[in-house]
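Listed below are the residues making up each chain.
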Amino acid sequence: MPRRMMGMVVAVLFVFAGIASGQAAQQTDTERIAVQALKDKLESGETFILIDVREDYEIEEHGALKGAIHIPMGDLDARMADIPKDIELVFY
């Protein structure tokens, strides 16, 4: 990942893992990861969804990470139903 792109990623990233268990029950775990940990995940080819929660002007000004889905923070609640829950999610 280019150094410029790593610099624009916030220092703390949130990982949300939703794992369906049983019929309707769902277990969720949330943790923070460092920028280096995200870089390692991206380079390893690990499967996860990367969600960029910055505003449009921030994307235009600083660019975006390849493969990230852009959902501004203010739209997250309305869009959560569209986001898979059976895969690790990384929000930045």
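Residues numbered from 1 in each chain as written. Predicted model: local features only at pLDDT ≥ 70, side-chain atom pairs only at ≥ 80, totals over all residues. Heavy atoms only, no water.

Chemist: Mind showing me how you'd approach the packing of aromatic side chains here?
Modeler: For any pair of aromatic rings, the description rests on two quantities: the centre-to-centre distance and the angle between the ring planes. This structure, assessed with the given rule, holds 0 aromatic pairs. Of note, Lys41 hangs over the ring of Phe48, and the distance from its end group to the ring centre comes to 5.3 Å. (Phe/Tyr/Trp six-rings, centres within 6.5 Å; stacked < 30°, edge-to-face > 60°. Lys NZ or Arg CZ within 6 Å of the ring centre and 35° of its normal.)

Chemist: I would appreciate a short explanation of the confidence of the model for the chain in the present structure.
Modeler: Fine structural detail should not be taken from predicted coordinates in areas where pLDDT scores are low. Looking at the chain as a whole, its pLDDT mean stands at 77, while 70% of the residues score no less than 70. Element-level pLDDT for the chain is lowest in helix H1 (residues 3-8), with a mean of 44, against a maximum mean of 94 in strand S4 (residues 69-70). In this model, residues 1-12 is a region of pLDDT below 50 whose contacts with residues beyond four sequence positions or in other chains number 30 contacts. Counting interchain partners and residues more than four positions distant, the pLDDT-below-50 stretch residues 17-27 has 16 contacts. (pLDDT = per-residue confidence, 0-100. Helix = DSSP H or I, 4+ residues; strand = E, 2+ residues; numbered from the N terminus. Contact = heavy atoms within 4.5 Å.)

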